Amino acid sequence: MDVKHAFRDDQYENLATHTQKGIDFLDKYGNFIRDRSAIEVEYAARLRRLVKNYQPKKSKEDEENEFSSFQAFKCILKEVADLAGQREVVAENLQLQVLQGITLLAKNLRDERKKSLNEGMNLTQNLSGQIASLDRAKRNYEKAFREAEKSIDAYQKADADFNLSRAEVEKQRNNMNIRCGQSEDAKNEYANQLQKTNKLQQTHYETSLPEVFNRLQELDEKRTRGLKEFIKGAADVESAVAPIIARCLEGMVKAADSINEKEDSLKVIEKYQSGFQPPGDLPFEDLSKADSDTSNNSQTYSTSTGAGLNHLTAKGTTKDKLKKRVGLFGIFTSNKNNLSTDGMKEDFSDLPPTQRRKKLMGKVQELQQKVAQEQAASEGLMKMKGVYEANSLLGDPRSVEEQLNESVNKLDKLRLELQRYQKLLDQANSQTIAQHSPQANRTVNGVNGGSAQRSSRHSNGSSNHDHHDHDHGEDHPDHDAGSLSSSSASPESGLGTSHTSLPGSGQGSTNDQPINDEMYYEADALQPLGTCKALYPFDATSEGSIPMSEGEELLVIELDQGDGWTRVRRLCGPTGWEEGFVPTSYIESTLYA
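Note that this is a predicted model, so its numbers are computed, not measured.

The rules behind each value
- Residues numbered from 1 in each chain as written.
- Predicted model: local features only at pLDDT ≥ 70, side-chain atom pairs only at ≥ 80, totals over all residues.
- Heavy atoms only, no water.
- pLDDT = per-residue confidence, 0-100.
- Helix = DSSP H or I, 4+ residues; strand = E, 2+ residues; numbered from the N terminus.
- Contact = heavy atoms within 4.5 Å.
- Phe/Tyr/Trp six-rings, centres within 6.5 Å; stacked < 30°, edge-to-face > 60°.
- Lys NZ or Arg CZ within 6 Å of the ring centre and 35° of its normal.
- Pairing = 2+ DSSP bridges.
- Axes fitted to C-alpha atoms, helices over the stretch in contact; angles between N-to-C directions.
- Salt bridge = Lys/Arg side-chain N within 4 Å of Asp/Glu carboxyl O.
- Buried < 20%, exposed > 50% of the residue type's maximum accessible area, 1.4 Å probe, protein only.
- Parallel < 35°, antiparallel > 145°, perpendicular 65-115°, else oblique.
- Left-handed = near helix turned anticlockwise from the far one by under 90°.
- Nonpolar A, V, L, I, M, F, W, Y, C, P; charged D, E, K, R; others polar.

1. Points about the confidence of the model for the chain
Step number 1: With 71% of its residues at a pLDDT of 70 or more, the chain shows a mean pLDDT of 75.
Step number 2: Summarising per-element confidence for the chain, the mean pLDDT is lowest in helix α12 (residues 450-458) (36) and highest in helix α2 (residues 12-54) (94).
Step number 3: Confidence drops under a pLDDT of 50 for residues 297-337, and excluding neighbours within four residues, the segment shows 40 contacts in the predicted structure.
Step number 4: Below pLDDT 50 for its whole length, residues 443-524 participates in 127 contacts with residues either more than four positions away or in separate chains.

Right, dumping it as structure tokens:
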């Protein structure tokens, strides 16, 4: 578009107003980006504050027993924190890449506009001044021309008047010549000014002013083009963090998929299982018998009932209540030194059997680590002492003797304490193995009595042969000595009220036999009821159980009888079949139709 035909002097002010409004609009968009950046910063700060407020507090117990849902929530908090970081990146890039560019462009546009407007104003003033000079020259010419005409008329009248002297006529003639000369000079000046004005006006409208308008047009197009680039730049800033934000969202989905309700349930069971056995059946009290029999039955009923009530009381008492009781009554007892810092006894005897075993295992591991650290420190001191003895210039060997003695004494104390807790752990493990043995559970829940179940589960020949071995007592410990009833039936012992035992299940047993395909005489008689698949790996730690790996296929030959164990069979190489018990919760069974 040729601006010299599009704009005239009367449009000059409109162009100046338009360009000013354009620059103001660019400033307005810059304010928009500034406010948006502030919102992004505030949003990021609020997200970080949200993550901080909901960040779980660290505790030892939570670190030991963290559920998958808890871990997923921690991952979500981490992803939200990453989202906050990306919003901060957006705000920072908007300020650096967009807002600063807008500010710089607006400043340059203002300077260019001011320069162009000043130049246009000067051109207009020059043209106006030239036109004013032309007007003055024209008026002077008009005045001189009228005076010349008057002088000519006066001379002609004087020359025709015979009454006037020759001198008077000559005077009028000289005046006429002077006025005519002035008129001619004014005419020439007017013509000269007219020529300059026309030339300046032509240059003004065809060259100078169009150049100013072109610069204003370029300025406005530059402002519009810059606004376009800045809008795209703001979108690019957002697009740059979109993949990272998408990964954050993918991380949240992955965290949600990592939640496993089955594993959480197993952790809850592992965390809170007490290890107590349920109470035995209550005996029937026959009132029709003699008084002596009634008194004996009553006594038996009272004993059994009391044991059951004590057992239920122990199961119904939570760990927190036990801690509170110990902490409260410990004030009035003399065994304050037997309590640990968390209010429990040093041997953890106030805990249920399973929880006590876990605490003892943790204590043993802790002491083993301390012993290893102290042993390393002691060896380092010994090496240092040897170096000092070899070269006295490096140091005095006596300076490390005191530290070495302290380290040795501390190491001895730690080893003694480790031996004590190791012995407590061995006792707890032996009680747990005896208590949770599949045969023991089947014996308690069986209908034929403890001896009949043992003869059917463990004899290599017949039940009579097994009874014969027990009667002689040569290869097996005494029944009463090896039974669970020989220990305390208190809740702390973890033995409940069970009075059954397994040969070889207690400490010092000489009847520990490997599990093989000849353990159960009725193996050939039992037909498979279906198949099962191992959901989790299982390490056989109790007598009568067999290990299995995750995904292993086994044959089910006896269903769970309510004790949590299923009897399975698998091919054990070329030697034959291997049978044993596995936890029911660890397998997925498919029974034959």
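2. Details of the packing of aromatic side chains
Step number 1: Under the definition given, this model contains six aromatic pairs.
Step number 2: Relative to Phe 145, the ring of Tyr 141 lies with its centre 6.2 Å away and its plane at 40°, an arrangement referred to as tilted. With a gap of four residues between them, Tyr 141 and Phe 145 both fall in helix α4 (residues 68-160), about one helical turn apart.
Step number 3: Against the face of Tyr 421 rests Arg 420, its NZ or CZ located 4.7 Å from the ring centre.

3. Structural notes on the pairing of strand β2 (residues 553-558)
Step number 1: Where strand β1 (residues 530-534) lies against β2, four bridges are found, and the strand directions are antiparallel. Within β2, the position partnered with Lys 533 by the bridge is Glu 553.
Step number 2: Sheet topology note: the β2/strand β3 (residues 565-571) ladder contains three bridges and is antiparallel. What sits directly across from Val 556, in β3, is Val 568.
Step number 3: The antiparallel pairing of β2 with β3 creates a hairpin that spans six residues between the two strands, and Gly 562 there sits at a positive phi of about 100°.

4. Section: the sheet that holds β1
Step number 1: A sheet is described by the order of its strands in space; here five strands give the open sequence β4-β3-β2-β1-β5, paired in antiparallel fashion. Edge positions in the sheet fall to β4 (577-583) and β5 (587-591), since each of these pairs with one other strand and no more. Taking the axes of each pair of neighbouring strands and ignoring which way they run, one obtains an average angle of 40° across the sheet.

5. Digging into the pattern of salt bridges
Step number 1: Within this structure, the stated rule accounts for 20 salt bridges.
Step number 2: One salt bridge connects Arg 46 with Glu 42, and the closest N-O pair in it is separated by 3.4 Å. Of this pair, Arg 46 and Glu 42 both sit in helix α2, separated by four residues, roughly a single helical turn.
Step number 3: When its relative accessible area of 42% is taken as the criterion, Glu 42 is described as partly exposed.
Step number 4: Between Glu 578 and Arg 570 there is a salt bridge, and its shortest N-O distance comes to 3.3 Å.
Step number 5: Salt bridges sharing partners connect three or more residues here, namely Arg 36, Glu 40, Arg 87 and Glu 238.

6. Remarks on the packing of α2 against α4
Step number 1: Where α2 contacts α4, the two axes come as close as 8 Å, and the packing angle between them is 165°. Here α2 lies roughly antiparallel to α4, going by the angle between them. Crossing angle aside, the handedness with which α2 passes α4 is left-handed.
Step number 2: A class-by-class count of the residues in the contact of α2 with α4 yields 29 nonpolar, nine polar and nine charged.

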